[in-house]
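Listed below are the residues making up each chain.
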Amino acid sequence: MIKTPCIVEQVGLEDISLHIMDIVENSICAGAKRVKIQIIEDKHKDLLIVEISDDGKGMTEEIIKDAFDPFFTTKTVHQVGLGLPLLAQSAKEAEGELRIVSKHGKGTKVTATFKYSHVDRKPLGNMTETMVVLIAGNPSVDFLYKHKKDRLDYSLDTRRIKVELENVPIDHPEVIKAIQKAFDKGERVIKDAKINHRGFEKD
Amino acid sequence: MPKLTIEDLKKIKENYQATATLREGGFRAKVTIHMGTCGIASGARKVMSALIDEITRQNITDVTIVTSGCAGLCSREPMATVELAEKSPVKYVNLDGEKIKKILLEHIIDGKIVEEYALGIGNEATY
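Residues numbered from 1 in each chain as written. Chains lettered and ligands numbered in written order. Predicted model: local features only at pLDDT ≥ 70, side-chain atom pairs only at ≥ 80, totals over all residues. Heavy atoms only, no water.

Chemist: Tell me about the packing of aromatic side chains, residues and numbers included.
Modeler: Residue and element names in this part refer to chain A. The tally for this structure, following the rule as stated, stands at three aromatic pairs over all chains. Centre to centre, the rings of Y154 and F183 are 6.4 Å apart; their planes meet at 75 degrees, and the pair counts as edge-to-face. Taken together, the residues span a long stretch of sequence, with Y154 in strand β6 (residues 152-157) and F183 in helix α6 (residues 173-192) at a distance of 29 residues. On the basis of relative accessible area, Y154 is assigned to the buried category, the value being 4%. Positioned above the aromatic ring of Y116, the side-chain terminus of R121 is 4.4 Å from the ring centre. (Phe/Tyr/Trp six-rings, centres within 6.5 Å; stacked < 30°, edge-to-face > 60°. Helix = DSSP H or I, 4+ residues; strand = E, 2+ residues; numbered from the N terminus. Buried < 20%, exposed > 50% of the residue type's maximum accessible area, 1.4 Å probe, protein only. Lys NZ or Arg CZ within 6 Å of the ring centre and 35° of its normal.)

Structure follows, in structure tokens:
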């Protein structure tokens, strides 16, 4: 009788929302207080663009060069940093690329492009989960999120939410629930947007 | 486009101010979810999301969740560290959404360490 092989759950950064989560965690580790995340789905140019910019401590030219090397990391706990090389690989697999612009002491901007229709382009994944986890886990960091699909777009700025909330913490369960709902709705509308001859339209 | 309206936030604010005086202040527990590349790749986001869902469902306001980087034990990810006030921290390994919910109920709320998921219990003594 053939022994049933043990089932290993597939692991890895299997969609773009997990990559985004990973890169934003880098920003936070670099001391960022405000992180901007922008997703642009441009069907006409057949492009998916993911842009993450922060006001963290930035990288020197040398570190940027090394950032593409999977055997380099600034961390001391373990020796291998894989976040940026993995994103670079995912972009490359979909005929895109990864660009890093960084000023030491000012911040970093990471831009990943993908050919939208490429068969190997990873799906965008669950952006609601990524954003809710980031906001709830880092209440002192401000996030500006923008998701654009041709002419349709929505954004969420936690700095503005905090102003409205006054003394209520942003990671209060009721607030997190409301933020989760807002993301869910926004993402659903963008996802369901139908294509017509002028591009995407809200249905 | 659907938005988080100011009215929504105002309502939350009013409710919060009404109940804030009832809170004793301070947190009962701090949960750290390790969100390095290794953690994320093995499902840390799902773990944290499940914990957030349960906390918002039960409206628990005195448990704080934070994320941190790799803890150096990539093969045991997803991991979480639970710290109850005035107790030693406990590291949990190989987690998933169901396990973290059990930890919330048994360890954080009832104060009983879930030994089967813990990496080790007690301090590393050198004497």
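Next comes the rest of the description.
Chemist: Describe the packing of α6(A) against helix α3 (residues 44-58) of chain B, listing the residues and the values that go with them.
Modeler: One can describe the packing of α6(A) onto α3(B) by two numbers: an axis separation of 9 Å at closest approach and a directional angle of 120 degrees. Classed by the angle they form, the pair α6(A) and α3(B) counts as oblique. At the point where α6(A) passes α3(B), the crossing takes the left-handed sense. Between α6(A) and α3(B), the residues in contact are P173(A), I176(A), K177(A) and Q180(A) and I52(B), D53(B), I55(B) and T56(B), respectively. Class assignment for the residues of the contact of α6(A) with α3(B) results in four nonpolar, two polar and two charged. (Axes fitted to C-alpha atoms, helices over the stretch in contact; angles between N-to-C directions. Parallel < 35°, antiparallel > 145°, perpendicular 65-115°, else oblique. Left-handed = near helix turned anticlockwise from the far one by under 90°. Contact = heavy atoms within 4.5 Å. Nonpolar A, V, L, I, M, F, W, Y, C, P; charged D, E, K, R; others polar.)

Chemist: Account for the pairing of β6(A), with residues named and values stated.
Modeler: Residue and element names in this part refer to chain A. Summarising the sheet, strand β5 (residues 142-149) and β6 pair through six bridges and their orientation is antiparallel. Bridging from a neighbouring strand, K148 pairs with D153 of β6. In sequence, β5 turns back onto β6 through a hairpin of two residues, with D150 there showing a positive phi of about 50 degrees. (Pairing = 2+ DSSP bridges.)

Chemist: So what about the nonpolar core? Which residues, and what values?
Modeler: Ranked by internal contacts, the top residues of the largest apolar core, which has 85 residues, are F143(A) and I33(B). Non-local contacts of F143(A), meaning those with residues more than four positions away in its chain, are made with V24(A), I28(A), V35(A), I37(A), M131(A), L134(A), I135(A), N138(A), L156(A), D157(A) and T158(A). (Core = buried A, V, L, I, M, F, W, Y, C linked by side-chain atoms within 4.5 Å.)

Function-wise, these values are silent; they only describe arrangement.
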